[in-house]
Amino acid sequence: MSRAALAHLLAAASLLLLVAVALTEAAPLERLALLRQDAMERAILLHIRAPGLILAALTGAALGLAGTVLQVMLRNPLASPDIIGFGAGSAAGASAAILLSGSMAGAVPGALAGGALAAGLVVALGWRDGISPLALILIGVAISLMLTTATDLMLSVSPAILAGEMARFLTGSFAGADLTAIGVLALATVFGGAVLARLGHSVESLALGDDLAISLGLHPDRIRLAAAGVAALLMAVTVAFAGPLPFVAFLAGPIARAAAGRPGTLLTLSALVGAVLAVGADILSGLAIAGARLPAGVFTALVGGPMMLALLLRLREDRG
Amino acid sequence: MEIADLAALLSPPAPEDADGIVVRAMRLPRTLAALGAGAALGAAGALIQTLTRNPLADPGLLGVNVGAGVGIVFTVWLLGPVSQVALIPPALIGALMVLALVWAIGAASRSPLTLILAGAALTAMLSAVLRGLILLDPLALDVYRDWALGAVDAARFEVITPAAPLLLLGLGLGLLAARRLDALALGDDLALTLGTDLARARALTLAATGILAASAVLAAGPLAFVGLIAPHLARMLRAESTRALMLSAAGCGAALVLAADLAGRIVAPGLAIEVGLGISLIGGMFLIWRVRRLARDPA
Amino acid sequence: MARALPHRRTGAIRAVLAATLALASAPPVVAEPVTIAHRWGETRVDSVPERIVTLSYTGVDAMLALGLVPIAYRTWYGGDARGLWPWAAQLMPAEATPLILRGEIDPAALVRLRPDLVEATYSGITRPQYRALSRFTPVLPPLPGQADFATTWDRMLLAIGEATGRRDRAEAVIAALLAEIAAVRAAHPDWEGRTAVVALPDGPAIFSENDGRTALMQRLGFVLPEAARGLGRGAFFFEPDRELTAPLEADVILWLDAGGGVEALRQHPLRHSLRAVREGREIVADPDLTAALSYASPLSLPYALERLVPLLEAALDGDPATVVEGMDATGLLP
């Protein structure tokens with residue numbers, strides 16, 4: 001078995017194991033017995049735990065796809081949609097809508113609109129007779145900074161309790177799991193995954209230079225536009241339903257490439273890794289403090305931060 | 001003006017002398033804070049843009065602001081609400097720690113892009129930590145909300161005094177760095193043959209940028225965009241060498257913050273409009289106006 | 001901190017609360033099924049709930065005011081080890097061991113408590129959470145037309161009273177509290193039409209007419225100074241230009257200190273130029289009184305009145321020499 005196949009298998013197994021741990025709350029035999037006897041426990045599993053886990057897995061997978069395709073397309077392992085402004089746009093849009101409506105329900109339309117606007121702005125401003133990866137990154141980082149400032153502004157002018165709820169949303173969590181969320185996210189993930197799978201090799205061949213791609217009969221800009229559009233869509237949908245979950249988009253691709261031992265988009269593997277990260281964070285969010293559930297984003301940040309630092313230090317050695 | 005008048009101007013005004021208080025205890029420190037923070041950010045912006053050859057780089061990208069924010073929120077979380085002055089050391093420590101980290105990652109890297117992305121990624125990570133902390137403590141959230149916009153209207157001498165030596169140190173280091181950067185501008189290889197130590201020039205520039213940004217965040221909180229815009233204004237003024245660019249960006253930055261502060265008071269008389277809000281509006285529009293011409297793809 | 005005992009009895013409210021406490025041990029009132037309209041439709045409560053979870057940030061106060069002890073409640077900020085402030089701590093039975101909820105709403109953990117009512121009118125609950133919880137138990141989300149945190153204490157108490165078969169009790173508590181406020185106003189005809197500002201020292205930020213804290217002062221007969229009206233532009237609070245003291249020039253200034261406020265006041269260069277400060281008509285509410293006014297619950301408001309009225313009396317007695325209780329301890333007096 002090739003190393004890449006092994007990595008896929010390992011990631012899938014980890015995901016299944018984590019889901020099993022989450023559903024049985026780490027005590028499989030007792031839980032299974034309890035589930036057999038207790039109708040309420042079955043209902044909790046079906047209507048509360050399962051939707052949360054499915055939303056976590058879908059969110060992670062969507063973020064993994066969005067992250068890895070942008071990293072490969074922009075030829076930079078740090079250039080994920082949560083760094084170049086797509087995520088910040090959704091977060092700013094959601095915050096504005098929460099502030100204006102006074103209710104958390106504003107988050108979904110706000111995130112979708114904000115994400116679309118920000119991604120459109122980044123791509124439009126980064127257009128140089130076509131999409132230029134470097135310009136896109138530079139503009140994306142600058143716009144991200146601007147939108148983060150705008151989000152802080154919204155946090156500052158909200159009434160105190162609403163600001164607390166807004167901060168909770170901005171940390172990222174799976175508290176909004178329901179059939180609508182799961183349905184929309186599943187559709188977006190399948191659609192995005194399918195488009196990316198069709199683009200897959202052409203995105204990778206862009207890494208070898210546009211001239212080569214053109215000589216292969218490809219249209220680099222169309223490919224980049226499609227890939228960026230899909231990444232923006234996936235990012236906006238995840239922020240709408242799970243908040244700006246930090247680091248998953250950023251980390252899934254590099255972990256997948258390290259595990260598989262080869263470069264490339266590695267779509268399936270990145271999606272699996274993203275799902276593992278998100279489901280793992282969901283499990284931790286219920287365990288860390290007895291009697292208090294913390295948003296999952298706290299844990300993707302705690303796990304993701306050190307991993308990112310390691311990645312940065314490796315980059316330094318590579319390039320230094 | 002007689003010496004006695006000057007002495008009277010510097011001595012604390014009587015409690016019932018409202019006009020005297022406004023001028024000496026409010027407008028003077030407020031103006032100094034705006035000028036100092038603006039100058040620091042302008043100079044820092046010129047340095048970081050020259051170093052990374054990225055006209056969209058902002059000193060805030062080095063994570064100094066979010067580092068100071070984490071320091072403040074962590075302190076309030078640990079100790080409960082404390083006075084503004086007591087928050088200076090943790091803000092400074094947080095800013096310098098993040099700076100050291102970005103510096104360690106970025107200083108040795110040849111790729112300017114790595115530095116920008118390292119800063120952006122560290123900012124993302126620390127923002128998440130910060131949001132986690134303010135979730136656990138509504139009072140820390142309140143302190144953070146108050147600080148996060150960036151303001152100079154409550155500036156006091158006790159708060160801006162610690163920022164002044166940092167500003168001077170940063171400007172001094174910046175002038176030293178600027179000379180080396182001019183040599184680098186001729187190209188890395190040429191600079192090497194000219195005997196300029198590449199790594200040392202980078203390290204010096206980063207240190208100067210970070211110290212300047214830290215002094216600004218102490219004086220006025222996190223002000224985005226000043227460091228991004230001021231160098232462009234300076235270039236419009238035809239500043240050529242890095243040293244001239246840095247000094248003229250410092251001037252432009254100081255003017256920009258002061259103007260934004262005044263604009264806020266004119267636009268909404270009677271209300272306190274934080275200077276950070278005004279700058280973000282101006283900066284956002286400027287960014288969109290100029291960005292297409294700025295981000296030339298060197299590749 | 002040593003604090004002088006309140007020297008005023010809020011009699012009517014005490015009587016009502018004593019009655020509700022007695023009721024707590026009495027068997028539940030037999031009630032018809034009730035249907036309560038809310039933002040997302042209607043919730044039907046079939047029998048009088050006994051195991052109540054309250055997710056509202058001020059919900060435990062409302063429950064205790066009705067003589068109910070929730071099996072789990074959410075805390076907002078501060079308070080004692082159980083997240084309770086003095087006004088609620090004295091009503092919570094010592095032997096009760098309700099679960100204290102912090103952080104995010106955890107629907108699975110809530111369901112396992114087997115509640116027969118989940119109250120969430122002031123909680124930021126999301127629609128998915130409401131739907132999931134509703135499969136197991138009646139849930140009371142925000143009331144019709146209300147934003148997440150816009151429901152006033154009386155509407156909230158009425159809805160909870162209705163859902164718990166204690167509508168009469170809720171009406172009695174509301175009537176007693178309103179009567180108490182009216183009685184305070186009637187006993188102080190000299191307050192009528194005088195100006196008062198309620199402000200946070202940091203900024204400073206002034207609460208506008210829309211805010212409950214300023215609304216309470218208006219119910220006592222005070223008005224917002226002319227210069228502070230309209231500046232809020234519909235928001236709950238506004239920050240006047242720091243050099244502009246006119247909005248703060250009032251017959252009485254009530255500073256709300258949630259912590260660190262005394263230091264912020266000391267650092268405001270123009271504070272001593274305010275006439276209210278020079279003439280001893282300034283009140284600094286300590287963190288407990290500040291929280292009581294901010295919670296604005298049926299329990300915290302009586303507590304706030306009991307402590308605030310003597311402070312207002314001392315501030316407005318026409319004699320600058322009278323020291324308002326607590327002001328000497330802040331070190332803010334000249």
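Every chain's residues receive numbers from 1 upward, in the order its sequence appears when written. Key to labels: chains lettered from A, ligands numbered from 1, both in the order written. Under the rules for a predicted model, residues below a pLDDT of 70 receive no local features and side-chain atom pairs below 80 are neither given nor counted, while totals for whole chains, interfaces and linings still include all residues.

Next up on the list: the overall build of chain B. In this text, helices come from DSSP runs of H or I with a minimum length of four residues, and strands from runs of E with a minimum of two, each type numbered from the N-terminal end. Within chain B, the secondary structure is distributed over 13 helices and zero strands. Whether a residue is buried, exposed or partly exposed follows from its count of other C-beta atoms within 10 Å of its own C-beta, namely 20 or more, 12 or fewer, or something in between, respectively; the C-beta atoms are built from the backbone. Looking at chain B as a whole, 58% of its 299 residues qualify as buried. Taking the intrachain contacts of chain B between residues at least 6 apart in sequence as the baseline, contacts between residues at least 24 apart amount to 79%. Placing a C-beta atom from the backbone of each residue, one calls two residues in contact when those atoms lie within 7 Å.

Turning to the overall build of chain C, a few remarks are in order. When helices and strands are counted, chain C shows 13 helices and 12 strands. The globule rule puts the C-alpha radius of gyration for 334 residues at 20 Å, and the 21 Å found for chain C is close to it. Looking at chain C as a whole, 49% of its 334 residues are labelled buried. Two things to know: the radius of gyration comes from C-alpha atoms, and the globule rule equals 2.2 Å times the number of residues to the power 0.38.

The next point concerns the environment of T238(A). All names here are of chain A. Within the element layout of this structure, T238 appears in helix α10 (residues 220-242). Its 35 C-beta neighbours within 10 Å are what place T238 among the buried residues. Not counting chain neighbours up to four residues away, the residues in contact with T238 comprise T59, A62, L63, L185 and L245.

Backbone geometry follows two general trends: most residues other than glycine have a negative phi, and most peptide bonds adopt the trans configuration. The step from G203(C) to P204(C) runs through a cis peptide bond, and the omega angle for that step is -15°. In this fold, P204(C) is placed in the loop between β8 (196-200) and β9 (205-207). A positive phi angle is found at F247(A), which is not glycine, with a value near 75°. Topologically, F247(A) is positioned in the loop between α10 and α11 (248-260).

Next up on the list: the interface of chain B and chain C. The interface is formed by 22 residues belonging to chain B together with 21 residues belonging to chain C. Within the residue set of the side of chain B that touches chain C, elements represented by two or more residues are α2 (18-52) and α6 (138-148) of chain B. By residue number, the principal contributor to the side of chain B that touches chain C is α2(B), which donates five residues. Charged means Asp, Glu, Lys or Arg here, nonpolar means Ala, Val, Leu, Ile, Met, Phe, Trp, Tyr, Cys or Pro, and polar covers whatever is left, Gly included. Across the side of chain B that touches chain C, the residue classes break down as 13 nonpolar, four polar and five charged.

Residue and element names in this part refer to chain A. Axis angles are defined between N-to-C directions and span 0 to 180 degrees, where every axis is a line fitted to C-alpha atoms and, for a helix, only to the segment in contact. Where helix α1 (residues 3-24) meets helix α3 (residues 39-73), the closest approach of the two axes is 11 Å, and the angle between their N-to-C directions is 150°. Judged by the angle between their axes, α1 and α3 are roughly antiparallel. In this structure, α1 meets α3 at a crossing whose hand is right-handed. Facing L15, V19, A22 and L23 of α1, the residues of α3 in contact are L45, R49, L53 and A57. Class assignment for the residues of the contact of α1 with α3 results in seven nonpolar, no polar and one charged. These descriptions rest on fixed angle ranges, namely under 35 degrees for roughly parallel, over 145 for roughly antiparallel, 65 to 115 for roughly perpendicular, and the rest for oblique. In this scheme, a crossing is called left-handed if the near helix is turned counterclockwise away from the far one by less than a right angle; it is called right-handed if the turn is clockwise.

Further remarks concern the interface of chain A and chain B. The interface of chain A with chain B comprises 47 residues on the first partner and 42 residues on the second. Per-element accounting of the side of chain A that touches chain B gives the leading share, 16 residues, to helix α6 (residues 133-157) of chain A.

Here the focus is the sheet that holds strand β7 (residues 139-140) of chain C. Whether parallel or antiparallel, the strands of a sheet pair through hydrogen bonds between backbone atoms. Paired strands are those between which DSSP finds at least two bridges. Strands sit in the order β1(A)-β5(C)-β4(C)-β3(C)-β6(C)-β7(C) across an open sheet of six strands; the sheet is parallel. At either margin of the open sheet sits one strand with a lone partner, and together these are β1 (292-293) of chain A together with β7 of chain C. The pairing of strand β3 (residues 52-54) of chain C with strand β4 (residues 72-74) of chain C spans two bridges and is parallel. Residue T54(C) lies in a different strand from β4(C), and its bridge partner there is Y73(C).

On to the pairing of β8(C). Residue and element names in this part refer to chain C. Of all five residues making up β8, five are buried, and the element is well covered by its neighbours. Of the two faces of β8, the one holding A196, V198 and L200 and the one holding V197 and A199 are both buried throughout. Taken together, the two bridges between β8 and β9 define a ladder with antiparallel strand orientation. From the neighbouring strand, L200 faces β9, where its bridge partner is A205. Joining the antiparallel neighbours β8 and β9 is a turn of four residues, in which G203 adopts a positive phi near 125°.

Residue and element names in this part refer to chain C. Positionally, G193 belongs in the loop between α7 (167-187) and β8. Judged by local crowding, G193 falls into the exposed class, with 10 C-beta atoms found within 10 Å. Taking the C-alpha atoms as reference, G193 lies 41 Å from A81; in sequence the two are 112 residues apart. Setting aside residues no more than four positions away along its own chain, G193 makes contact with G221 and V223.

The next point concerns α6(B). All names here are of chain B. Burial runs high along α6: eight of the 11 residues are buried. All of the buried residues along α6 are A140, L141, D142, V143, Y144, D146, W147 and A148. Directly beyond the C-terminal end of α6, a positive phi value near 85° is found at G150.

A separate point is the sheet that holds strand β10 (residues 237-238) of chain C. All names here are of chain C. Strands sit in the order β10-β9-β8-β11-β12 across an open sheet of five strands; the sheet is mixed. Every interior strand has two partners, whereas the edge strands, β10 and β12 (282-285), have only one. In this sheet, β12 lies alongside strand β11 (residues 252-256) in parallel orientation, the contact comprising four bridges. Residue pairing for β12: L254 is matched across the bridge by I283.

With that settled, consider the confidence of the model for chain B. Atom-level detail of predicted coordinates should not be read off regions where pLDDT is low. Per residue, pLDDT captures the predictor's confidence, and it can take any value from 0 to 100. Residues with a pLDDT of 70 or more make up 85% of chain B, whose mean pLDDT is 82. When the elements of chain B are averaged for pLDDT, helix α9 (residues 188-193) of chain B gives the smallest value, 58, and helix α12 (residues 242-267) of chain B the largest, 92.

With respect to the secondary-structure elements, P231(B) resides in helix α11 (residues 226-236). The residues contacting P231(B), other than those within four sequence positions of it, are G45(B), A46(B), Q49(B), L245(B) and A249(B).

The subject of this paragraph is the confidence of the model for chain C. Here chain C averages 88 in pLDDT, while 91% of its residues score no lower than 70. Predicted confidence for residues 1-9 of chain C stays below pLDDT 50, and this span has eight contacts to residues more than four positions away or in other chains.

Moving on, we get to α10(A). Residue and element names in this part refer to chain A. Under the convention used throughout, the expected extent of a helix is 1.5 Å for every residue step, that is, one less than its residue count. With 23 residues, α10 extends 32 Å between its outermost C-alpha atoms, agreeing within 8% with the 33 Å of an ideal straight helix rising 1.5 Å per residue. Counting buried residues along α10, 17 of its 23 residues qualify, which places the element largely inside the surrounding structure. Where α10 ends, the next residue or the one after it, G243, has phi of about 75°, a positive value.

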